[in-house]
Amino acid sequence: MRDINIPLPIARTLLSPIFRITLNARLPWQLQRLLLDIGSHAQFLPSNTTVHRLRLGGRPAERITAGSQLPSRTRGAVLYLHGGGYAIGSLATHRSLAARLAHETGCAVYVLDYRLAPEHPFPAGLDDAEAAFLELVGNIGYRPEQIALSGDSAGGGLSLATAQRLIAGHGYTPAALGLIAPWVDPNQVPEQSRDLVINRPWSRACAAAYLGDGDGKDTGYAPLHGVLAGLPPTYVQVDISEMLHAQCVEFVAALRVAGVPTRFTESKGLWHVAQLQAALVGPAAAALTELADFLREAIQPVALRDLG
């Protein structure tokens, strides 16, 4: 499924100046969004991918499937929430990643264009994610346990907060949580000043934009401090070089204390959400395949798949 396999040192050298320019707290949010959307054209879609535009919970979304056939509800689905500090990121920036998940899970992957800060601060994005999941159940016909929630960075934190709200408010437990370097507590200020992708000033600007006039102690904003017991099986991926590495280690420890079935992978040599570059970098593609395998098994256990 890889289109290119750029050696890691070369990939890091090429990507570093791009992220330094794009994720800059001095740039207007709209310009950051535009630059990322332009850059997304380098992240190729696998062949035989179908992208269908629709609305979920009143928001634009895409349903991405492998092949041209309509998705089967018996196979389940993934609701993917993109990262970008709650302030940037789009359907375009994460289309390639979602398409690869669709091919490797055999499930429809729904990517949600939730509202972004600072125009729409917390809890707008969380409200949108909750509404999208409820529509997948109520109008499209999936059962809650057929839908996995997945996301990266801020989208990973949003996935966790959404699962907590669904369990507490509706009694719906998703099939699984597949989280790539999830930002589960925007209140925390990392000791590290930057990694290859993100930097502290930009991260703090995103946290402030997302919080707006809200309460930083709200567990919807910082789901690390919400109820973890009762969450579905959860897979967390992070690279040891990332600013969010320590937070992910803390999160995984808390999940295990809460009795949540948890898988944790710490890569070495990648970067923050390198899975976005799976079309370009072999180890990033391998990490995404591991995530897809986890999600597929959670959505369709072996016994069910064997029934055809």
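Worth saying up front: this structure is predicted, and the values here are computed from it rather than measured. (Residues numbered from 1 in each chain as written. Predicted model: local features only at pLDDT ≥ 70, side-chain atom pairs only at ≥ 80, totals over all residues. Heavy atoms only, no water.)

Colleague: Give me the lowdown on the nonpolar core, citing residues and values where you can.
Modeller: Counting 72 residues, the largest nonpolar core has Leu56, Leu79, Tyr110, Leu112, Phe251 and Trp271 as its most contacted members. In contact with leucine 79, other than residues within four places in its own chain, are Leu56, Tyr110, Leu112, Ala129, Ala132, Phe133, Leu136, Ile147, Ala148, Leu149 and Ser150. In this structure, Ile64, Val111, Ala175 and Ala285 belong to the second largest nonpolar core, which totals 27 residues. (Core = buried A, V, L, I, M, F, W, Y, C linked by side-chain atoms within 4.5 Å. Buried < 20%, exposed > 50% of the residue type's maximum accessible area, 1.4 Å probe, protein only. Contact = heavy atoms within 4.5 Å.)

Colleague: Account for the sheet that holds strand β8 (residues 262-267), naming residues and giving values.
Modeller: Strands sit in the order β1-β2-β4-β3-β5-β6-β7-β8 across an open sheet of 8 strands; the sheet is mixed. In this open sheet, the two edge strands, each paired with only one partner strand, are β1 (49-56) and β8. The mean angle between the axes of side-by-side strands here comes to 20 degrees, regardless of whether they run parallel or antiparallel. As judged from the 4 bridges shared by strand β2 (residues 59-66) and strand β4 (residues 108-112), these two strands associate in the antiparallel manner. Across the sheet, the residue bridging to arginine 63 is tyrosine 110, located in β4. Sheet strands touched by helix α5 (residues 154-170): β3 (77-81), β5 (147-152) and β6 (177-180). Its angle to β5, the strand with the most contacts, is close to 145 degrees. Running at roughly 160 degrees to β8, helix α7 (residues 245-257) makes contact with β6, β7 (234-239) and β8 of the sheet. (Pairing = 2+ DSSP bridges. Helix = DSSP H or I, 4+ residues; strand = E, 2+ residues; numbered from the N terminus. Axes fitted to C-alpha atoms, helices over the stretch in contact; angles between N-to-C directions.)

Colleague: Break down the confidence of the model for the protein for me, with residues and values.
Modeller: Detailed reading of the predicted model is not advised wherever pLDDT is low. For the protein, the mean per-residue pLDDT works out to 95, and 95% of the residues sit at or above 70. Confidence drops under a pLDDT of 50 for residues 302-308, and excluding neighbours within four residues, the segment shows 5 contacts in the predicted structure. (pLDDT = per-residue confidence, 0-100.)

Colleague: Give me the lowdown on the pairing of β4, citing residues and values where you can.
Modeller: Regular strands place side chains that alternate from one sheet face to the opposite one. Here β4 lies mainly inside the structure; 5 of its 5 residues are buried. Of the two faces of β4, the one holding Ala108, Tyr110 and Leu112 and the one holding Val109 and Val111 are both buried throughout. Pairing between β3 and β4: 4 bridges, direction parallel. When the sheet's bridge partners are listed, valine 78 is paired in β4 with valine 109. As for the winding sense of the linkage, the β-α-β connection from β3 through helix α3 (residues 95-105) to β4 is right-handed. (Right-handed = clockwise from strand over helix to strand, strands pointing away.)

Colleague: Residue-level account of the environment of leucine 224, with values.
Modeller: Inspection of the secondary structure assignment puts leucine 224 in the loop between α6 (200-211) and β7. Looking at leucine 224, the relative accessible area reads 7%, which means it is buried. Spatially, the C-alpha atom of leucine 224 lies 8.8 Å from that of tryptophan 183, the residues being 41 residues apart in sequence. Not counting chain neighbours up to four residues away, the residues in contact with leucine 224 comprise Leu160, Val184, Asp185, Gln188, Glu250 and Phe251.

Colleague: Describe the packing of aromatic side chains, and please don't skip the residues or the numbers.
Modeller: Counting across every chain of the model gives 7 aromatic pairs. The interplanar angle of 80 degrees and the centroid separation of 6.0 Å between the aromatic rings of tyrosine 110 and tyrosine 142 together place this pair among those described as edge-to-face. Of the two residues, tyrosine 110 is situated in strand β4 and tyrosine 142 in the loop between α4 (124-138) and β5; the sequence distance between them amounts to 32 residues. The exposure classification of tyrosine 110 matches that of tyrosine 142, with both residues buried. When the centroid spacing of 6.0 Å and the interplanar angle of 70 degrees are considered together, the rings of phenylalanine 122 and tyrosine 221 count as edge-to-face. Placement of the pair is phenylalanine 122 in the loop between β4 and α4 and tyrosine 221 in the loop between α6 and β7, with a sequence separation of 99 residues. Look at phenylalanine 122 and you get buried, because its relative accessible area is 12%. Of note, arginine 263 hangs over the ring of tyrosine 235, and the distance from its end group to the ring centre comes to 4.4 Å. (Phe/Tyr/Trp six-rings, centres within 6.5 Å; stacked < 30°, edge-to-face > 60°. Lys NZ or Arg CZ within 6 Å of the ring centre and 35° of its normal.)

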